[in-house]
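# Chains, contacts and geometry: an overview
Each chain is listed here by its residues.
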Amino acid sequence: MRKYLPIILAAGVLGVLLAVMGCGKQPGATSAPPPPGVTAAGATAGTPTPAPSGKITVGPEEASCPVMGTVMKKSEMIPMQHNGKTYYLCCKECQAQFRADPEKYLNHPAAPTREMPR
């Protein structure tokens, strides 16, 4: 057990740091360079781009997280049911915040963005 103690402590410290940092990374994101057809901002060649007015266009296969506003593919998000409707959250931290006070985020959702807020 003693030989595993440093590993367990390191994992605990890492967990605390990630919790403090919040939603620092999109699910499925890697540090490798983007594949061909994917821009640095994470949008693929077929993904709608922001309208000239500066507003974000959310495609039919996408959703905007009501907590942080992050626009992602629904398949990469966490679905949650509330009052018979499905809402999509970008990460576990947002899921916890939404679960604690869904009306707060439904009445005043975050503005959609294609970048992960820091």
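Residues numbered from 1 in each chain as written. Predicted model: local features only at pLDDT ≥ 70, side-chain atom pairs only at ≥ 80, totals over all residues. Heavy atoms only, no water.

## Some words on the environment of Pro66
If you trace the backbone, Pro66 turns up in the loop between β1 (62-64) and β2 (71-73). Separated by 41 residues in sequence, Pro66 and Asn107 have C-alpha atoms that sit 9.3 Å apart. Those residues within four positions of Pro66 in sequence are excluded, and the remaining contacts are Tyr88, Leu89, Phe98, Tyr105, Pro109 and Ala110. (Helix = DSSP H or I, 4+ residues; strand = E, 2+ residues; numbered from the N terminus. Contact = heavy atoms within 4.5 Å.)

## What about the confidence of the model for the chain?
Across the chain, the average pLDDT comes to 74, with 53% of residues at 70 or higher. Below pLDDT 50 for its whole length, residues 25-31 participates in 9 contacts with residues either more than four positions away or in separate chains. Considering only residues more than four positions removed or in separate chains, one finds that residues 38-44, a stretch of pLDDT under 50, has 6 contacts. (pLDDT = per-residue confidence, 0-100.)

## Overview of the nonpolar core
Counting residues in each nonpolar core, the largest one holds 14 residues, and the members touching the most others are Cys65, Val67, Leu89, Cys90, Cys94 and Phe98. Listed by contribution, the elements that provide at least two residues to this core are β4 (85-89) and α2 (92-100). For Cys65, the contacting residues outside a window of four places in its chain are Thr70, Met77, Tyr88, Leu89, Cys90, Cys94 and Ala110. (Core = buried A, V, L, I, M, F, W, Y, C linked by side-chain atoms within 4.5 Å. Buried < 20%, exposed > 50% of the residue type's maximum accessible area, 1.4 Å probe, protein only.)

## Let's talk about the packing of aromatic side chains
In total, this model carries 1 aromatic pair according to the counting rule given. Pairing Tyr87 with Phe98 gives two aromatic rings, centres 5.7 Å apart and planes at 45°, and the pair type is tilted. In this pair, Tyr87 is assigned in strand β4 and Phe98 in helix α2, connecting sequence segments 11 residues apart. Comparing Tyr87 with Phe98, the two get one shared label, buried. (Phe/Tyr/Trp six-rings, centres within 6.5 Å; stacked < 30°, edge-to-face > 60°.)

## Some details on the pattern of salt bridges
What the rule picks out here adds up to 1 salt bridge. A salt bridge links Arg114 to Glu62, with the nearest nitrogen and oxygen atoms 2.9 Å apart. Pair noted here: Arg114 is in the segment after α3 (102-107) and Glu62 is in strand β1, with a separation of 52 residues, a long-range link. For Arg114, a relative accessible area of 15% puts it in the buried group. (Salt bridge = Lys/Arg side-chain N within 4 Å of Asp/Glu carboxyl O.)

## Here's the deal with the environment of Phe98
On the basis of relative accessible area, Phe98 is assigned to the buried category, the value being 1%. A C-alpha to C-alpha distance of 9.0 Å links Phe98 and Met80, two positions 18 residues apart in sequence. Not counting chain neighbours up to four residues away, the residues in contact with Phe98 comprise Pro66, Val67, Met80, His82, Tyr87, Leu89, Tyr105 and Leu106.

## Details of the pairing of β4
Relative to β4, strand β3 (residues 78-82) runs antiparallel, the two being bridged by 5 bridges. Bridge pairing in β4 places Pro79 opposite Tyr88. In this antiparallel pair of consecutive strands, β3 and β4, the connection spans 2 residues, and Asn83 shows a positive phi of 50°. (Pairing = 2+ DSSP bridges.)

## Regarding the environment of Arg114
With 57 residues separating them along the chain, Arg114 and Thr57 place their C-alpha atoms 9.6 Å apart. Polar contacts involving the side chain of Arg114 include one to the main-chain carbonyl oxygen of Thr57, which spans 2.6 Å. At 2.9 Å, the side chain of Arg114 forms a polar contact with the side chain of Glu62. (Polar contact = N/O pair within 3.5 Å; in protein donor to acceptor, adjacent residues only side chain to side chain.)

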